[in-house]
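One letter stands for each residue in the lines below.
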Amino acid sequence: RYVLTVKTDTSFILCVTGKLVNRTKHRKSVPNLYGEYYTWKDLNLGMDVVIYGVKYRLCSCDQYTREYLTSLGVDLNHEEPIPQDPYEAQRLANAQHVTSTTKRVVNYDRKLRHYLQYDGIKFSFRALLIPPERKSSSSKPSPSDVITYDINYYLVDNTMEVLERHRPNNGRVPYPKLLARMRMPKDYRALLKSSIGSQDEADSRLDQQDSSDYYGPKDLIVGSTLNVLNQSLYIVDCNEGTRQYYKDNYDIIQQDRITTRDERE
């Protein structure tokens, strides 16, 4: 015979969870006509069993034990309800209330699921930097007077980076990035004005993954123009993986690569 404790969500003392008494014969505190050791004839519901000075109350049994003892002629007593632990009841009651800690845990789980689902997904676009004098023009820009950039959008945290593509002998000083990886607001000046306030309001605003104030996946379309730190980037192409993902998940068909005048010549 051995004694096991039932592990609950409120069991924090590891030394009292698991097996308390190993399987062996146990002496009775008071021997009777069945001998000095406990046998199945000594066990019944609603009675106390003393093992190593600890008194255990037998409240219920499983269906197999009930059928077996009944077949042997043992008249089992009625089951007794297990007394409720006041501490556990208080913890369960507190768990029903939504607190700031509960919100943080739920928010953490949401971010973890988002990370596991979208980690490693990157959209790659090719874009041209439109000079200020060409912004009002309706014609498509040419690489002869613009700079070519690669736009990488990371779906796991809705951030993007803009990397400059260098051509040999283009007469420009090479610079690696126009924009480091970050969440890119559509209008950064208006966002700075609206974010003035308490720290909690600012954090809540930045934590909104689907906020319309920032560029999202559906804003990056071949043929559209992005405003990156007051610089206009004209998207002319994307890779095949990005094209297929947009078609399968957003039902958006990215148009083919936009050919500029210099490439046609």
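On a predicted model such as this, the values are computed, not experimentally measured, just so you know.

Scoring rules and cut-offs
- Residues numbered from 1 in each chain as written.
- Predicted model: local features only at pLDDT ≥ 70, side-chain atom pairs only at ≥ 80, totals over all residues.
- Heavy atoms only, no water.
- Core = buried A, V, L, I, M, F, W, Y, C linked by side-chain atoms within 4.5 Å.
- Buried < 20%, exposed > 50% of the residue type's maximum accessible area, 1.4 Å probe, protein only.
- Helix = DSSP H or I, 4+ residues; strand = E, 2+ residues; numbered from the N terminus.
- Contact = heavy atoms within 4.5 Å.
- Patch = residues over 30% accessible without salt bridge, like charges linked within 9 Å, V, L, I, M, F, W, Y side chains within 5 Å.
- Areas by Shrake-Rupley, 256 points an atom, 1.4 Å probe, with all protein chains shown as cover.
- Salt bridge = Lys/Arg side-chain N within 4 Å of Asp/Glu carboxyl O.
- Phe/Tyr/Trp six-rings, centres within 6.5 Å; stacked < 30°, edge-to-face > 60°.
- Lys NZ or Arg CZ within 6 Å of the ring centre and 35° of its normal.

A.B. asks: What should I look at first to understand the nonpolar core in this one?
C.D. replies: Most often, soluble globular proteins keep nonpolar side chains buried together rather than apart. Grouped together as the largest cluster of nonpolar side chains are 29 residues, with contacts concentrated most on Ile151, Met160 and Leu220. Counting only elements with at least two residues in this core, the list comes to strand E7 (122-130), strand E8 (147-154), strand E9 (159-164), strand E11 (225-228), strand E12 (231-238) and helix H6 (240-250). Sequence-distant contacts of methionine 160, that is, excluding residues within four places in its chain, are made with Ile151, Asn152, Tyr153, Leu179, Ala180, Arg181, Met182, Met184, Tyr215 and Leu226.

A.B. asks: I'm lost on a nonpolar patch on the surface in this one. Help?
C.D. replies: Judged by side-chain polarity, Trp40, Tyr64, Tyr68 and Leu72 come together as a nonpolar surface patch covering roughly 450 Å² of accessible area. Mapped onto the elements of the fold, tyrosine 68 is located in helix H1 (residues 63-71). Relative accessible area serves as the criterion here: at 42%, tyrosine 68 is assigned to the partly exposed category.

A.B. asks: Honestly, the pattern of salt bridges in this entry has me stumped. Any pointers?
C.D. replies: A pair can form between side chains of opposite charge whenever their charged atoms are brought close. Applying the stated criterion across every chain, the model contains 11 salt bridges. In this structure, the salt-bridge partner of lysine 186 is aspartate 219, at a minimum N-O distance of 3.4 Å. One end of the pair, lysine 186, is in the loop between strand E10 (177-182) and helix H4 (188-194); the other, aspartate 219, is in the loop between helix H5 (199-206) and E11, and 33 residues separate them in sequence. Lysine 186 gets classed as partly exposed once you look at its relative accessible area, which sits at 31%. Take aspartate 219: its relative accessible area is 26%, and that puts it in the partly exposed class. In this structure, aspartate 237 and arginine 243 form a salt bridge, with 3.1 Å as the shortest nitrogen-oxygen distance. By the burial criterion, aspartate 237 is buried, and arginine 243 matches it. Taken together, the shared-partner salt bridges in this structure form one network comprising Asp48, Arg57 and Glu80.

A.B. asks: How do you make sense of the environment of glutamine 244 when you look at a structure like this?
C.D. replies: By the secondary structure assignment, glutamine 244 is in helix H6. Note on glutamine 244: relative accessible area 42%, which makes it partly exposed. Along the primary structure glutamine 244 and glutamine 254 are separated by 10 residues, whereas in three dimensions their C-alpha atoms are 8.7 Å apart.

A.B. asks: What should I look at first to understand the packing of aromatic side chains in this one?
C.D. replies: The way to describe two aromatic rings as a pair is by their centre distance and the angle between their planes. The tally for this structure, following the rule as stated, stands at 7 aromatic pairs. Between phenylalanine 123 and tyrosine 245 the ring centres are 5.2 Å apart and the planes differ by 50 degrees, which places this aromatic pair in the tilted class. One end of the pair, phenylalanine 123, is in strand E7; the other, tyrosine 245, is in helix H6, and 122 residues separate them in sequence. Comparing phenylalanine 123 with tyrosine 245 shows no difference in burial state: the two are buried. Relative to tyrosine 250, the ring of tyrosine 245 lies with its centre 5.9 Å away and its plane at 75 degrees, an arrangement referred to as edge-to-face. The aromatic ring of tyrosine 154 is capped on one face by arginine 181, whose charged end is 3.8 Å from the ring centroid. The ring of tyrosine 214 has arginine 183 sitting right over it, with the charged end atom 4.0 Å from the ring centre.

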